[in-house]
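One-letter residues, chain by chain:
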Amino acid sequence: MKVQDLTEKYLVFAKGYYRKPKSRRVTSEYTLMRVATRPLRAVAGDVSVEDVTASTIADCRRWVLQNKTACCRRTVNAYTSRMIRVFNWGADPEQGLVPELVG
């Protein structure tokens, strides 16, 4: 599976998961997840999930720094955490999309 495919599957999951309890409207976290997965698709979209390493995430982080204006360290760290969340979700045995060593 490619990183592009993993991010698409995660966003489908996230659209159902990140909802307000009463109104069932999508929360802002879903929108932030969509934005945070852009660097993954831009930098590593064609890379197999088995080949993703910490340096891949570091490259995505650099992409954010170069392509997003006015991003403070806190925002960049939040984007990075969200990128890692995608892989942790995929590594969950329920999903079985990412080998455990990657997630």
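This is a predicted model, so every value here is computed, not measured.

1. Regarding the overall build of the chain
Step number 1: Check the secondary structure of the chain and you find four helices and zero strands.
Step number 2: Taking 103 residues into account, the globule formula puts the C-alpha radius of gyration at 13 Å, and the chain, at 14 Å, falls close to it.
Step number 3: If you line up the chain on its principal axes, its C-alpha atoms span 40 × 35 × 20 Å.
Step number 4: If you take every contact in the chain between residues at least 6 apart in sequence, the share linking residues at least 24 apart comes to 56%.

2. Remarks on the environment of Thr-80
Step number 1: Locating Thr-80 in the fold gives a position in helix H4 (residues 73-91).
Step number 2: The buried category is assigned to Thr-80, whose relative accessible area is 10%.
Step number 3: Every residue in contact with Thr-80, bar those within four places of it in the chain, is listed here: Ile-57 and Arg-61.

3. Remarks on the confidence of the model for the chain
One rule of thumb: low pLDDT means the predicted coordinates there are not for detailed reading.
Step number 1: Confidence in the prediction for the chain averages 88 pLDDT; 94% of positions are at 70 or higher.
Step number 2: Element-level mean pLDDT values for the chain span from 90 in helix H3 (residues 54-67) up to 94 in helix H1 (residues 3-17).

4. Some details on H1
Step number 1: The first and last C-alpha atoms of H1 sit 20 Å apart over 15 residues, in line with the 21 Å expected at 1.5 Å per residue.
Step number 2: Every buried residue of H1 is accounted for by Val-3, Leu-6, Thr-7, Tyr-10, Leu-11 and Ala-14. Seen end-on, H1 carries its buried residues on one side only, within an arc spanning 135 degrees.
Step number 3: In this structure, the buried residues of H1 make contact with helix H2 (28-44) and H4.

5. Describing the side chain of Ser-48
Step number 1: Looking at the secondary structure, you find Ser-48 in the loop between H2 and H3.
Step number 2: Its relative accessible area of 16% is what places Ser-48 among the buried residues.
Step number 3: Reaching out from Ser-48, the side chain makes a polar contact with the side chain of Glu-50 at a distance of 2.3 Å.
Step number 4: If we ignore the near neighbours within four places in the chain, the residues touching Ser-48 are Met-1 and Lys-2.

The rules we used
Numbers given to residues run from 1 along each chain, matching the order in which its sequence is written. For a predicted model such as this one, the threshold for reporting local features is a pLDDT of at least 70, and the threshold for listing and counting side-chain atom pairs is 80 or more; totals across whole chains, interfaces and linings nevertheless cover every residue. To get the side-chain values, take all heavy atoms of the structure and skip hydrogens and water. Think of it this way: any DSSP run of H or I at least four residues long counts as a helix, any run of E at least two long counts as a strand, and we number them from the N terminus. In this treatment the radius of gyration is a C-alpha quantity, and the globule benchmark scales as 2.2 Å times the residue count to the 0.38 power. By definition in these notes, contact holds between two residues if any of their heavy atoms fall within 4.5 Å. Think of it in three bands: with a 1.4 Å probe and only protein chains considered, a residue is buried below 20% of the maximum accessible area for its type, exposed above 50%, and partly exposed in between. Confidence of the prediction at every residue is given by pLDDT, a number between 0 and 100. Multiplying one less than the number of residues by 1.5 Å gives the expected span of a helix. This arc is taken over the directions from the axis of the helix to the C-beta atoms. By the criterion applied in these results, polar contacts are pairs of N or O atoms within 3.5 Å in which, for protein atoms, one can donate a hydrogen and the other can accept it, and in which residues neighboring in sequence qualify only through two side-chain atoms.

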